[in-house]
Amino acid sequence: MSMYIDTAYPDVTLDARLACILKLMKALQVQIEDAEWEGTASQDVVSMRQQLSGLKDRHDDGATYEPLF
């Protein structure tokens, strides 16, 4: 018996409860570009830009994964 608890997933990349910040940033950037191209309400674009800014800040601080819970 070890002193550590075995994790549910052998690798962090397989954990469905975590999302890669870079993938989230890329997807959000595409959504922003699409919304700007289509002329969607500016309030939606502003909130997506704020969300992207927060993800960039966490990535710059060294975070790799974002919890989905």
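Criteria and thresholds
- Residues numbered from 1 in each chain as written.
- Predicted model: local features only at pLDDT ≥ 70, side-chain atom pairs only at ≥ 80, totals over all residues.
- Heavy atoms only, no water.
- Helix = DSSP H or I, 4+ residues; strand = E, 2+ residues; numbered from the N terminus.
- Rg over C-alpha atoms; globule rule 2.2 N^0.38 Å.
- Buried < 20%, exposed > 50% of the residue type's maximum accessible area, 1.4 Å probe, protein only.
- Contact = heavy atoms within 4.5 Å.

### Observations regarding the overall build of the chain
Right, on to step 1. Regarding its fold elements, the chain presents two helices and two strands.
Right, on to step 2. Along the chain direction, N to C, the helices and strands of the chain fall in the order β-α-α-β.
Right, on to step 3. Taking 2.2 N^0.38 as the reference for a compact globule, 69 residues should give roughly 11 Å; the C-alpha atoms of the chain span a radius of gyration of 16 Å, well beyond that estimate.
Right, on to step 4. Each principal axis of the C-alpha distribution contributes one length, and for the chain these read about 60 × 20 × 15 Å.
Right, on to step 5. Classification of the 69 residues of the chain by burial places 17% in the buried group.
Right, on to step 6. Excluding contacts between residues fewer than 6 apart, the proportion of contacts in the chain whose partners are at least 24 apart in sequence is 65%.

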